[in-house]
Amino acid sequence: MPAYTIKPLVTATAVNTGGRNGHSETTDHSGQRQPFCAQGMGGPELPRTTTPEHLFAAGYAACFGGALEFAAGQKKIDVKGTVVTCSTSIGPREGGGYGLAVKMHVKVPTVSTEQAKMLAQETHDVVCPYSHATRGNIEFTLEAEGK
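Residues numbered from 1 in each chain as written. Predicted model: local features only at pLDDT ≥ 70, side-chain atom pairs only at ≥ 80, totals over all residues. Heavy atoms only, no water.

Chemist: Even after reading the chapter, I still don't get the side chain of serine 131, so can you show me in this structure?
Modeler: With respect to the helices and strands, serine 131 occurs in helix H3 (residues 129-134). Residue serine 131 is classed as buried on the basis of its relative accessible area, which comes to 0%. Polar side-chain contacts of serine 131 include one of 2.8 Å to the side chain of tyrosine 60. With near-sequence residues (within four places) excluded, serine 131 lies in contact with Tyr60, Phe64 and His124. (Helix = DSSP H or I, 4+ residues; strand = E, 2+ residues; numbered from the N terminus. Buried < 20%, exposed > 50% of the residue type's maximum accessible area, 1.4 Å probe, protein only. Polar contact = N/O pair within 3.5 Å; in protein donor to acceptor, adjacent residues only side chain to side chain. Contact = heavy atoms within 4.5 Å.)

See below:
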């Protein structure tokens, strides 16, 4: 049983057949991708291959950005124009299997670097659901800069 429960506001469902070299599609047909395996992971040599790591990075960046806007809004801080860049890597872990590493870079052009760091850290520690879900399970680096 999880450490907490939620009251779902939105549920997204996707179905995959064939793993990384197969096809994935959301059940509402809002998104579909194939193939998913980059050449570095043994996939076909195709340009612009979308991987699960690309999708994870896009989702985490969007969620983190929204969570930062929420945290800033609670403090009446304007963070218009904020850019969140999430880089997600996959590789072998010590002890076997594979793991993820995330580098999150947050640029808040409306506040000082000190305030940007404070907001980004609060977002990671308290607000962002992706951060809660991955805490202690992935290598995570957070960088923030202001104007």
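Chemist: I would appreciate a short explanation of helix H1 (residues 52-74) in the present structure.
Modeler: For an α-helix, the turn length of 3.6 residues means that residues three or four places apart are oriented alike. Taking 1.5 Å of rise per residue, 23 residues should cover 33 Å, and H1 covers 33 Å from first to last C-alpha, within 8% of that figure. Those residues of H1 lying buried are Glu53, Ala57, Gly59, Tyr60, Ala61, Phe64, Gly65, Ala67, Leu68, Ala71 and Ala72. Considering only its buried residues, H1 is in contact with strand S4 (83-92), strand S5 (98-107), helix H2 (113-127), H3 and strand S6 (139-145). The first or second residue beyond H1 is lysine 76, which carries a positive phi of 60 degrees. (Expected span 1.5 Å × (residues − 1).)

Chemist: Would you mind showing me how to read the state of the cysteines here?
Modeler: Simply put, the disulfide is a covalent bond whose two ends are the sulfur atoms of two cysteines. Following the criterion strictly, the structure yields 0 disulfides and no others. Cysteine 63 forms no disulfide, and the closest cysteine sulfur to it belongs to cysteine 128, at a distance of 3.8 Å. Counting only cysteine sulfurs, cysteine 128 is the nearest neighbor of cysteine 86, a cysteine outside any disulfide, at a range of 9.3 Å. (Disulfide = S-S within 2.5 Å.)

Chemist: Explain the nonpolar core to me, please; I cannot follow it from the model alone.
Modeler: Across soluble globular proteins, nonpolar side chains show a tendency to be buried alongside one another. Grouped together as the largest cluster of nonpolar side chains are 22 residues, with contacts concentrated most on Phe64, Leu68, Met104 and Val106. Once residues within four sequence positions are removed from consideration, leucine 68 is found in contact with Val79, Thr82, Val106, Val108, Leu119, Ala120 and Thr123. (Core = buried A, V, L, I, M, F, W, Y, C linked by side-chain atoms within 4.5 Å.)

Chemist: How should the layout of surface pockets be read in this particular structure?
Modeler: If a probe the size of a water molecule is rolled over the atoms, the empty space left behind becomes visible. As a volume, the largest pocket reaches approximately 360 Å³. Taken together, 10 residues form the lining of the largest pocket, with Ile6, Lys7, Pro8, Leu9 and Pro129 sitting closest to its centre. (1 Å grid on protein atoms, 1.4 Å probe; cavity = no way out; pocket = protein on both sides within 12 Å on 5 of 7 lines; lining within 4 Å. Points joined across faces, edges and corners; volume = space filled by probe spheres on them.)

Chemist: Got a minute to help me understand the pairing of strand S2 (residues 23-26) in this structure?
Modeler: In summary, the side chains of a regular strand alternate between the two faces of the sheet. Where strand S1 (residues 14-17) lies against S2, 4 bridges are found, and the strand directions are antiparallel. Its bridge partner lying in S2, threonine 17 is registered against histidine 23. Where S1 folds back onto S2 in an antiparallel hairpin, the turn is made up of 5 residues, including glycine 18, whose phi is positive at roughly 90 degrees. As paired elements, S2 and strand S3 (residues 32-33) share 2 bridges and run antiparallel to each other. When the sheet's bridge partners are listed, glutamate 25 is paired in S3 with glutamine 32. What sits between the antiparallel neighbours S2 and S3 is a turn of 5 residues, in which histidine 29 has the positive phi angle 65 degrees. (Pairing = 2+ DSSP bridges.)

Chemist: How should I be thinking about unusual backbone geometry in this particular structure?
Modeler: Not every positive phi belongs to a glycine, and lysine 76 is a case in point at roughly 60 degrees. Among the secondary structure elements, lysine 76 is positioned in the loop between H1 and S4.

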